[in-house]
Amino acid sequence: MLEVKRADFPVLVNNEKMIYMDSAATSLKPQIVIDKINEYYTKYGVNIHRGVYDLSSKATDEYEELRTVVAKFINCKPREVVYTKGTTNGLNMLAQILKANIHEGDEIIVSQLDHHSLVMPWQNVAKEKGAKLVFIELNEKNQITIENFKKVLTKKTKIVNLTYVSNVLGVVAPVKEITKLAHEIGAIVICDGAQAVPHMKVDVQDLDVDFLAFSGHKMLGPTGCGILYGKYDLLNSLEPEEFGGDMNDGVEMYDSTFKDAPEKFEAGTPNIAGLIALKPAIEYLSKLGMENVHNHSLSLAKYVVENIKNNDMIELYTKEPESGIVTFNIKGIHPHDTATFLAAQNICVRAGHHCAQLITHHLGCMGTVRASFYIYNTIEEAQALVAAINGACEYFKEWII
Ligand code: C6P
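Note that the structure is a prediction, hence the values are computed from the model and not measured.

Undergrad: I tried to follow the site of the ligand on my own but got confused; where do I start?
TA: Surveying the vicinity of the ligand reveals 17 residues, the closest of which are T88, D192, S215, H217 and R350. Taking D192, its side chain carries an N or O atom lying 2.6 Å from a nitrogen atom of the ligand. At a separation of 2.7 Å, an oxygen atom of the ligand approaches a polar side-chain atom of H217. Protein contacts shield 89% of the accessible area of the ligand, which totals 510 Å² for the unbound molecule. Two domains each put at least three residues into the shell around the ligand: domain 1 (32-287) and domain 2 (289-399).

Undergrad: Honestly, the packing of helix α11 (residues 290-308) against helix α14 (residues 379-396) in this entry has me stumped. Any pointers?
TA: For the pair α11 and α14, interaxial distance at closest approach is 10 Å and the crossing angle is 30 degrees. With respect to each other, α11 and α14 are oriented roughly parallel. Crossing handedness for the pair α11 and α14: right-handed. Residue-level contacts link L300, Y303, V304, N307 and I308 of α11 to I379, A382, Q383, L385, V386 and I389 of α14. The residue inventory of the contact of α11 with α14, partitioned by class, reads 9 nonpolar, 2 polar and no charged.

Undergrad: Looking at this model, I keep getting lost on the packing of aromatic side chains. Mind explaining?
TA: Where two aromatic rings form a pair, the distance of their centres and the angle of their planes describe that pair. By the definition in use, this model includes 13 aromatic pairs. Each ring, one from F396 and one from W399, has its centre 4.8 Å from the other, and the planes form 85 degrees; the classification is edge-to-face. Look at F396 and you get buried, because its relative accessible area is 2%. The rings of F9, Y20, Y284, Y374 and Y376 are connected pair by pair, giving a single aromatic cluster. A cation over an aromatic ring shows up here: R67 above the ring of Y83, its NZ or CZ 4.1 Å from the ring centre.

Undergrad: Hey, could you run me through the pattern of salt bridges in this one?
TA: A side chain with one charge can pair with a side chain of the opposite charge if their charged atoms come near. Counted by the stated rule, this structure contains 22 salt bridges. Across the pair E128 and K99 runs a salt bridge, and its minimum N-O distance is 3.2 Å. Taken together, the positions of E128 in helix α5 (residues 116-129) and K99 in the loop between α4 (87-98) and β3 (107-111) put the pair 29 residues apart, joining distant regions of the chain. The partly exposed category is assigned to E128, whose relative accessible area is 49%. If you follow the salt bridges from partner to partner, you end up with K36, E39, K58, E62, E65 and K279 in one network.

Undergrad: What's the story with the sheet that holds strand β4 (residues 132-136) in this structure? I'm lost.
TA: Backbone-to-backbone hydrogen bonds join strands into a sheet, with any given pair of strands oriented parallel or antiparallel. One open sheet accounts for 7 strands, arranged β2-β8-β7-β6-β5-β3-β4; its pairing is mixed. Each of the sheet's edge strands pairs with one partner strand only, and the pair in question is β2 (81-84) and β4. Strand after strand, the sheet turns through a mean of 20 degrees between neighbouring axes, direction not considered. Of the strand pairs in this sheet, β2 and strand β8 (residues 226-230) are connected by 4 bridges, and their pairing is antiparallel. Note that in β8 the partner of T84 across the bridge is G226.

Undergrad: I'm lost on empty space enclosed by the protein in this one. Help?
TA: Within the structure shown, the criterion is met by 2 cavities of 30 Å³ or more. Looking at the largest cavity, the residues that line it are V165, Q195, H199, S323, G324, I325 and F373. Residues belonging to the lining of the largest cavity are distributed by class as follows: 3 nonpolar, 4 polar and no charged. Of the domains in this structure, domain 1 (32-287) and domain 2 (289-399) are the two that each give at least three residues to the lining of the largest cavity. Considered as a void within the structure, the second largest cavity measures approximately 30 Å³ in volume.

Undergrad: Looking at this structure, how should I read α14?
TA: Because an α-helix packs 3.6 residues into every turn, residues spaced three or four apart end up facing the same way. Helix length check: α14, at 18 residues, gives a terminal C-alpha distance of 26 Å against a target of 26 Å (1.5 Å per residue), a fit within 8%. Within the span of α14, buried status applies to E381, A382, L385, V386, A388, I389, A392, C393 and F396. Projected onto a plane normal to the axis of α14, the buried residues spread over an arc of 165 degrees and lie on a single side. Away from its buried face by more than 90 degrees, α14 exposes E380 and E394.

Undergrad: I'm lost on the domain arrangement of the protein chain in this one. Help?
TA: When the parts of a complex come together, some accessible area is lost, and that lost area is often taken as the interface size. Domain boundaries in the protein chain define domain 1 (32-287) and domain 2 (289-399). Placing a centre on the C-alpha atoms of domain 1 and another on those of domain 2 gives a separation of 29 Å. Contacts between domain 1 and domain 2 engage 33 residues on the former and 27 residues on the latter. Summed over both sides, the interface of domain 1 with domain 2 buries roughly 2400 Å², with 58% coming from carbon and sulfur. Inspection of the region where domain 1 meets domain 2 yields 1 salt bridge.

What counts and how
Residues numbered from 1 in each chain as written. Predicted model: local features only at pLDDT ≥ 70, side-chain atom pairs only at ≥ 80, totals over all residues. Heavy atoms only, no water. Near = heavy atom within 4 Å. Polar contact = N/O pair within 3.5 Å; in protein donor to acceptor, adjacent residues only side chain to side chain. Areas by Shrake-Rupley, 256 points an atom, 1.4 Å probe, with all protein chains shown as cover. Domains from an automatic or database assignment. Axes fitted to C-alpha atoms, helices over the stretch in contact; angles between N-to-C directions. Helix = DSSP H or I, 4+ residues; strand = E, 2+ residues; numbered from the N terminus. Parallel < 35°, antiparallel > 145°, perpendicular 65-115°, else oblique. Left-handed = near helix turned anticlockwise from the far one by under 90°. Contact = heavy atoms within 4.5 Å. Nonpolar A, V, L, I, M, F, W, Y, C, P; charged D, E, K, R; others polar. Phe/Tyr/Trp six-rings, centres within 6.5 Å; stacked < 30°, edge-to-face > 60°. Buried < 20%, exposed > 50% of the residue type's maximum accessible area, 1.4 Å probe, protein only. Lys NZ or Arg CZ within 6 Å of the ring centre and 35° of its normal. Salt bridge = Lys/Arg side-chain N within 4 Å of Asp/Glu carboxyl O. Pairing = 2+ DSSP bridges. 1 Å grid on protein atoms, 1.4 Å probe; cavity = no way out; pocket = protein on both sides within 12 Å on 5 of 7 lines; lining within 4 Å. Points joined across faces, edges and corners; volume = space filled by probe spheres on them. Expected span 1.5 Å × (residues − 1). Arc of directions from axis to C-beta. Buried area = accessible area lost by both parts, 1.4 Å probe.

So this is what it looks like as structure tokens:
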């Protein structure tokens, strides 16, 4: 088990009884991240890349340092790191900048495990370009398999966009193997790392994906900041989709030139404080070791599954946990009612479709209850969740017709 101090997380200190199991929605922030935001605003809170005075240089240095920290964390080069507002922003940006390469009849591979922020931008591009969205069939455990991927990969495939770890079921896609196959036919591979990068070691060179998008706020960092990794030559060959300050090289009356990547994709004044404060968040995780982070959350998920799987009243969707996510329903009970029952016992979980309606439809339910674990959760909390779920089953027994 990881040794993480509850005292490091002010939200937990200020809500002594709270058992927070909604980290897939957003993680809590350690004091050092909050301190860094404060440091920026109180000590050198000016714009970056624009001033020649000392404070502007200080802010710029702090801001640019994140590229090196991220590069080390995911094993890429600093100039392959594009700053974004989060995964949604990164995935939408990619669909926009890559659509010039999509033509009528081309195919874009996605799956029903994908989040709305992945599927919807490609739906839009497909409609605009006359391209086709193709869904990888899930197996009986709702996983993506190489076998099923091979069935949809064709010479028409231009883009493969995969969710590394499902935010609903916690299943992990075989990204490395799929990327190899996709590259053999020249397709571009994009990975949604929103639920992967915060929780496990992600090495983009090993995976060989062309792009990876993730959010700062799910990995102890502030909201409104994220990262889009792209292989440099490919990234730099693409045209920007947003124009303005800081991304141009020169502006004339009828034409402009752009900087090279990553700057050409970073128009306007960004979330400077957020991005600066993402550094200590990544350093905090690195210190713990991503393998330890993964094993910790996984062991809690396994404990919960092991202890609720024989309860006949429970429909368990995460039967064999692969990450720190456990999703279930109490049969016949609306997920919001179950979550409300748990909330009354200070247990915070998410209920609903989790912005991934395709998988909810595939599961044949109106929504699910999801407990998602992170570094600050303990085995005692997992035990409390099991007890509360059992209590909920007792309580709702009479409601079920
Ligand atoms: N899922 C959840 O509770 P943003 O909101 O841009 O930081 O992340 C979007 C996103 C993209 N892909 C996956 C796999 C995700 O899980 C998310 C965010 C949250 O599951 C909020 S809907």
